[in-house]
Amino acid sequence: MSSVTSSCKEKRNYKFRIYPNKRQEHKLTSWLETCRIVYNSALADRKNHFIRTGNGLTRIAQQVILKTDKTKYPRIKEVHSQVTQEVLFRIERAFNNFFRRAKAGEKPGYPRYKGPGQYKTLTFTQFGDGLGASFKNSKLKLSKIGLVKIKLHREIHSKVKTCSIKREQSGKWYAILTVEESPVLYSPNRQSIGLDVGIKEFAVFSNGKKITNPKNLQRSERKLKTLQRNLSRKKKGSKNRAKARVKLARQHEKVRNQRQDFQHKLSTRLVWKYGTIVVEDLQIKNMVKNHRLAKNISDVGWGEFIAMLSYKAESAGRILAKVSPHGTTQECSRCGNVVPKDLSVRTHDCPYCGLVMDRDHNAAINILHRYKAS
Ligand SMILES: [Zn+2]
């Protein structure tokens, strides 16, 4: 399949787990705290300056202040200069957003001070050999920190622009690499497919194929439930409860990452293979407020999946079509008659034309037909 590259570029983030050693972790944690202090003091400077003069303080002026502070406080000097300077960009963004929203007549909250532990991300604004952050020997090289082990589970095809290091609630560390990609437009493809959320499966296609959640995700979700139960059994305020809470947070993160990984791979494959992908319109569906509980639960992950499909389809020049979900399960995909069935009925068995097939498969065909008929 050939592809064309369009000229407009779009930003995209890739998130990878990193494994800093004890010494590196200690340093990164200390940098986060330093950046928090820089952030808070820059915020205070802006406030005070405004009270005294009635004017705002620019980022350039704040950079001069930061330079003097560096000579006074050695801990600022320990942090890579790109990283501390980026803090000032963040402050600038926060204020710009504040003023933009105030101007638009909204009531935005004034930028706030960050409490201990609330500053979670360090950003190296330049990436590449000899710059603040780069790749070296399959590791992530961070200036003043050293070589950090990184798990590159996905390929990056474009040049990395910036690198952020994030500490999650669970204590795990991640590198978020931002790239600018030229969207690759795929060549035209007349193949189309309908997708339905399965009850037992993640999705069922109009060609009859079923996609189940991968085994590792299923296992992690089961474990999540066990941990939730464990937590509720622990005494309030006890040490064991605190421990159980950390365990649960870690598991939540694991499930989230595994689900995202699975959905990324599936959506990429679908957009590559089909010119048109048809799904039910979730917004209409939520308005209908049905009592199909099992289905509503799976909708949570489904919504995120549709969002992924949507941006991937757009940047590849493919079509993601949304159709009305009304009655897609009940209608017979061969003769169009309504065959009522509740959740427990797994098979579509049409008394009018004799069609017998899996209920979700029948629904997926209806979804595809709806698009073609429109
Ligand atoms: Zn029929």
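Up top is the structure.
Structural notes, computed from the coordinates.

## Focus: the pattern of salt bridges
Opposite charge on two side chains permits them to pair, given that their charged atoms come into close proximity.
Link 1 in the chain: If you walk through the whole model with that rule in mind, you get 14 salt bridges.
Link 2 in the chain: Its salt-bridge partner being Arg90, residue Glu86 comes within 3.0 Å of it at the nearest N-O pair. With Glu86 and Arg90 both in helix 4 (residues 81–103) and 4 residues apart, the pair spans about one turn of that helix.
Link 3 in the chain: Arg90 sits in the buried class, given a relative accessible area of 18%.
Link 4 in the chain: Look at the salt bridges and you will find they share partners, linking Glu201, Lys210, Arg346, Asp358, Arg359 and Asp360 into a network.

## So, the environment of Arg229
Link 1 in the chain: Residue position: Arg229 is located in helix 5 (residues 215–233).
Link 2 in the chain: On the basis of relative accessibility, which here comes to 45%, the residue Arg229 falls in the partly exposed class.
Link 3 in the chain: Spatially, the C-alpha atoms of Arg229 and Gln126 are 45 Å apart, while their sequence positions differ by 103 residues.

## Quick word on the nonpolar core
General note: in soluble globular proteins, nonpolar side chains tend to be found buried as a group.
Link 1 in the chain: Core analysis: the biggest nonpolar cluster contains 36 residues, and Ile18, Leu122, Phe124, Leu140, Leu142, Cys163 and Ile165 have the highest contact counts within it.
Link 2 in the chain: At the level of secondary structure, the elements contributing two or more residues to this core comprise strand 2 (10–19), helix 1 (22–53), helix 4, strand 3 (121–124), strand 5 (139–142), strand 6 (146–150), strand 7 (160–167) and strand 8 (173–181).
Link 3 in the chain: No other element matches helix 1, which puts 8 residues into this core.
Link 4 in the chain: With 29 residues, the next largest nonpolar core counts Phe205, Leu248, Val271 and Ile306 among its residues.

## Here's the deal with the packing of helix 2 (residues 59–72) against helix 4
Pairs of packed helices are described in terms of their axes, by the angle between the two and the distance that separates them.
Link 1 in the chain: Where helix 2 contacts helix 4, the two axes come as close as 10 Å, and the packing angle between them is 145°. Handedness of the helix 2/helix 4 crossing: right-handed. Contact residues: helix 2 offers Arg59, Gln62, Gln63, Leu66 and Lys70, while helix 4 offers Ser81, Thr84, Gln85, Leu88, Phe89, Ile91 and Glu92.
Link 2 in the chain: Its residues assigned to classes, the contact of helix 2 with helix 4 comprises 4 nonpolar, 5 polar and 3 charged.

## Here we look at the coordination of the zinc ion
Where a metal carries four tetrahedral donors, each ideal angle is 109.5 degrees; where it carries six octahedral donors, the ideal angles are 90 or 180 degrees.
Link 1 in the chain: With distances of 2.3 to 2.4 Å, the protein atoms coordinating the zinc ion are Cys332 (SG), Cys335 (SG), Cys350 (SG) and Cys353 (SG).
Link 2 in the chain: Each of the 4 donor atoms bound to the zinc ion contributes to angles spanning 107 to 113°, and the resulting shape is tetrahedral.
Link 3 in the chain: Taken in sequence order, the residues that donate to the zinc ion follow the motif C-x2-C-x14-C-x2-C.

Parameters at a glance
- Residues numbered from 1 in each chain as written.
- Predicted model: local features only at pLDDT ≥ 70, side-chain atom pairs only at ≥ 80, totals over all residues.
- Heavy atoms only, no water.
- Salt bridge = Lys/Arg side-chain N within 4 Å of Asp/Glu carboxyl O.
- Helix = DSSP H or I, 4+ residues; strand = E, 2+ residues; numbered from the N terminus.
- Buried < 20%, exposed > 50% of the residue type's maximum accessible area, 1.4 Å probe, protein only.
- Core = buried A, V, L, I, M, F, W, Y, C linked by side-chain atoms within 4.5 Å.
- Axes fitted to C-alpha atoms, helices over the stretch in contact; angles between N-to-C directions.
- Left-handed = near helix turned anticlockwise from the far one by under 90°.
- Contact = heavy atoms within 4.5 Å.
- Nonpolar A, V, L, I, M, F, W, Y, C, P; charged D, E, K, R; others polar.
- Donors = N, O, S within 2.8 Å, 3.2 Å for Na, K, Ca; no water.
- Tetrahedral: all angles 85-135°; square planar, octahedral: opposite > 155°, others 65-115°.

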